[in-house]
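Read off the chains here:
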Amino acid sequence: MTELLFNKRLQVLVKNKDTDERRSVIRISIELQPSSNPVHRKDLVVRLTDDSDFYFLYNLVISEEDFQSLKVQQGLLIDFTSFPQKFIDLLEQCISEQDKENPRFLLQLSSAFDHSPSNLNIVETNAFKHLTHLSLKLLPGSDTDIKKYLATCLSTVKEEKQQLEQKLRKTEEDLTRQLNYAQQTLSEKSRELDKLRSEWTSQTTSLSSRHMQDLTAEREKALEIQARLQQQNEQLRQELESSHHRSTQQLQSKVSELETANRELIDKKYKSDSTIRDLKAKLASLEEECQRSKQQVLSLRRENSTLDTECHEKERLVNQLQTRVAVFEQEIKDKEQLVLRTKEVLEATQQQKNSVEGNVESKQLQISKLEATVRSLSEELIKANGIIKKLQGDLKTLIGKIKVKNTVTVSQEKILQETTEKLQREQRELQDTQQQLRQKEEEVMKLKEQLEATVQKLDESREVLKTNENVITWLNKQLNENQFSRKQETFGMFETPAAGLRTGSVPHNMVQFNPMSAKHSAADMSPTALSQPSNKENGGPVGLDSKYFERRDDSIPLRGLLPSMHLNREVPKPLNTAGAKPTASAASAYFPG
């Protein structure tokens, strides 16, 4: 099982033979992976990548045998088990010194050519000289290694997408649950308010009825007492008139009895007046309580209205988030389709390149054959010229002897005519071969031009693929920002929900989901709306420049239109770079082949 030991971005001083020195940020990952050798259990893998350039890939696999040769070459004093930690410590020293103007520890990446092996040096600068602590020779990644690395990046993007979808579903469930809880508490509070209103009305009606009953009873008692007093006074008057002649003592006793009765009646009257005043005070207090309850009802209504407005705002936010999530999902789907299309285009261009290279090789073989035939024909022509010269000499000798040897002359003339005809035929064949050679050269030039055009198209397709990869990186950043903002919102939502319930008010961080407002999906939105979403936080629309979507006549056609996506150069680091396992047959810098 692969073990990831180090994965960070560092500033590296890049040195090439043809270009000037430049500083760039490169990601260095160190892993321990199982070895294919049964003697040595694990190999150390060092990988250099660039988040802004997916074609930048350098690998180094160090086994224990490689480390022994490295130890002998550079005079190391540690063994293979402690080498990874010491290497990581040196990289940490470079990270701590990289922000200074004159860093003491510095990483250097030097290469002789663009696609040649590069040396990664850890250099310490002191007052005397530049001291190289460690120098590692890294090999550039092949096409298969780059494809595997891109496949791991795509798998991490898909894993992040799945995690975001799961978190989105979880947050939606939490929001719906909180919304239901808020609606339930609101209904309970409204029921309690209705109950308090009914109790208050019943108490006021009962108190007013009781008060009226007490008043009527007291009035009836007072009337009865007055009637009794009038009857007693009349009886007393009749008795006094009838018993005028009785003794004064009886009259005085009767007067005293009447006075005591009168005092008792006065006391009763005062008591009834005091009870009436108490009832009036109670009535005033009850009216004040009624006013206070009315004010409480008004305040509760105002709070209810504010809660309704907050609920509407939360609904609007939820709808905005849903539309943004729908847009992100659509953009991720378009991105996956675009990656598949670019892969198909790359495969087609690779096949076309292979076929063109095969045709070029066959044409070169034909050219070499034609050159051989031309050389043989030139040799035969030289021989024919020699024969012609010889025949001319013979002809001169024969002209001197023509008178003597007429028969021989005729035969020689025939031979000469045959040789001249043969020479003319050879010259015509030579002209035909030269014309064929010129035609073949023209065909070779055309094939070279076609090869240059295909190479140019391949470069353009690579630039399109790089643009698409930048679009993928921007989507990763947007998803990470969405995840961070959603985490903050969920953290604010779960703060002190019990305190809001005890005070009788609904918490402000609870939102209400309106299913009617979520009808608008990302499918109803136009491509221009998808390509240029309004960014309220940054203050303007963000999107790709229109030059990436213009069609070129000389470019390789894709099987569809490129969707409008956003571009950002920042690329998040993969979740688990340990997934990119170099093959067991990876070339070693110290033991090649």
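Residues numbered from 1 in each chain as written. Predicted model: local features only at pLDDT ≥ 70, side-chain atom pairs only at ≥ 80, totals over all residues. Heavy atoms only, no water.

Enquirer: Mind showing me how you'd approach the overall build of the protein here?
Expert: Looking only at helices and strands, the protein features seven helices and nine strands. By sequence separation, contacts in the protein at least 24 residues apart represent 65% of the contacts at least 6 residues apart. Here the protein displays about 39,900 Å² of accessible surface, and carbon together with sulfur accounts for 52% of that area. (Helix = DSSP H or I, 4+ residues; strand = E, 2+ residues; numbered from the N terminus. Contact = heavy atoms within 4.5 Å. Areas by Shrake-Rupley, 256 points an atom, 1.4 Å probe, with all protein chains shown as cover.)

Enquirer: Is there a simple way to explain the nonpolar core in this structure?
Expert: By size, the foremost hydrophobic cluster in this structure holds 33 residues, and its most contacted members are Leu 48, Leu 91 and Leu 107. When near neighbours in sequence (up to four residues on either side) are disregarded, Leu 91 contacts Phe 6, Leu 10, Ile 28, Ile 30, Leu 107 and Ile 122. Grouped together as the second largest cluster of nonpolar side chains are five residues, Phe 54, Ile 146, Tyr 149 and Cys 153 included. (Core = buried A, V, L, I, M, F, W, Y, C linked by side-chain atoms within 4.5 Å. Buried < 20%, exposed > 50% of the residue type's maximum accessible area, 1.4 Å probe, protein only.)

Enquirer: How should the UniProt feature "domain: SAS-6 coiled-coil" (unreviewed entry) in the protein be read in this particular structure?
Expert: With numbering aligned to this structure, UniProt lists the feature "domain: SAS-6 coiled-coil" (unreviewed entry) at residues 143-172. In the segment residues 143-172, helix accounts for 100% and strand for 0%; the C-alpha atoms at its two ends are 43 Å apart. (UniProt positions renumbered as here; feature names shortened; annotations may be inferred.)

Enquirer: Help me out: how do you make sense of the sheet that holds strand E2 (residues 22-34) in this one?
Expert: Sheet strands pair via backbone hydrogen bonds, and the direction of the pair is either parallel or antiparallel. Spatial strand order, E1-E2-E3-E4-E7-E6-E5: seven strands in a closed barrel with mixed pairing. Taking the axes of each pair of neighbouring strands and ignoring which way they run, one obtains an average angle of 35° across the sheet. Sheet topology places strand E1 (residues 3-16) next to E2; eleven bridges connect them, and they run antiparallel. Of the residues in E2, the one forming a bridge with Val 14 is Arg 22. Helix H1 (residues 64-74) contacts strand E4 (53-62) and strand E7 (130-140) of the sheet and is inclined by roughly 145° relative to E7. In the packing of helix H3 (residues 143-242) onto the sheet, contacts are made with strand E3 (42-50) and E4, and the angle to E4 comes to roughly 110°. (Pairing = 2+ DSSP bridges. Axes fitted to C-alpha atoms, helices over the stretch in contact; angles between N-to-C directions.)

Enquirer: Hey, could you run me through the packing of aromatic side chains in this one?
Expert: For any pair of aromatic rings, geometry is given as the distance between the ring centres together with the angle between the planes. Scanning all chains against the criterion turns up four aromatic pairs. Plain terms: the ring middles of Phe 56 and Tyr 58 are 5.2 Å apart, the flat faces sit at 65° to each other, and that makes the pair edge-to-face. A single burial state applies to Phe 56 and to Tyr 58, both of which are buried. Residues Phe 83 and Phe 87 carry aromatic rings whose centres are separated by 6.0 Å and whose planes lie at 10° to one another, so their mutual orientation is stacked. (Phe/Tyr/Trp six-rings, centres within 6.5 Å; stacked < 30°, edge-to-face > 60°.)

Enquirer: What's the story with the pattern of salt bridges in this structure? I'm lost.
Expert: Scanning the entire structure with this criterion turns up 13 salt bridges. A salt bridge links Lys 8 to Glu 92; its shortest N-O distance comes to 3.0 Å. Of this pair, Lys 8 sits in strand E1 while Glu 92 sits in helix H2 (residues 83-97), and the two are 84 residues apart along the sequence. With a shortest N-O distance of 2.3 Å, Asp 174 and Arg 177 are connected by a salt bridge. Taken as a pair, Asp 174 and Arg 177 lie in helix H3 at a separation of three residues, close to a single helical turn. (Salt bridge = Lys/Arg side-chain N within 4 Å of Asp/Glu carboxyl O.)

Enquirer: What is the right way to look at the pairing of E4 in this model?
Expert: On any regular strand, side chains alternate: one points to one face of the sheet, the next to the other face. Within E4, eight of the ten residues are buried, leaving the element largely enclosed by the surrounding structure. With seven bridges connecting them, E3 and E4 associate as antiparallel partners. Opposite Leu 48, over in E4, you have Tyr 58 as the bridge partner. Hairpin remark: E3 followed by E4, antiparallel, with two residues in the connecting loop. Bridging between E4 and E7 involves two bridges; their strand directions are antiparallel. Following the sheet pairing, Tyr 58 is matched in E7 by Pro 140.

Enquirer: Please clarify how H1 should be interpreted in this entry.
Expert: Along an α-helix, a turn takes 3.6 residues, which lines up residues three or four apart on a common side. Residues Asp 66, Phe 67, Ser 69 and Leu 70 constitute the buried set of H1. Buried residues along H1 cover an arc of 160° about the axis, so they all sit on one side. (Arc of directions from axis to C-beta.)

Enquirer: Would you mind showing me how to read the environment of Leu 423 here?
Expert: Of note, Leu 423 is situated in helix H5 (residues 406-493). Relative accessible area serves as the criterion here: at 15%, Leu 423 is assigned to the buried category. A sequence separation of 39 residues divides Leu 423 from Ala 384, and the C-alpha atoms of the two residues are 6.9 Å apart. Ignoring any residue separated from it by four or fewer positions in sequence, one finds Leu 423 in contact with Leu 381, Ala 384 and Ile 388.

Enquirer: Could you clarify how one ought to interpret a negative patch on the surface in this entry?
Expert: Taken together, the side chains of Glu 379, Glu 380, Glu 429 and Asp 432 present a region of like negative charge at the surface. Sorting the residues of the negative patch by element identifies helix H4 (248-400) and H5 as the ones contributing at least two each. Tracing the backbone through its elements, the reader meets Glu 429 in helix H5. Judged by its relative accessible area of 41%, Glu 429 is partly exposed. (Patch = residues over 30% accessible without salt bridge, like charges linked within 9 Å, V, L, I, M, F, W, Y side chains within 5 Å. Lys, Arg positive; Asp, Glu negative; His and termini not counted. Charge placed at Lys NZ, Arg CZ, Asp CG, Glu CD.)

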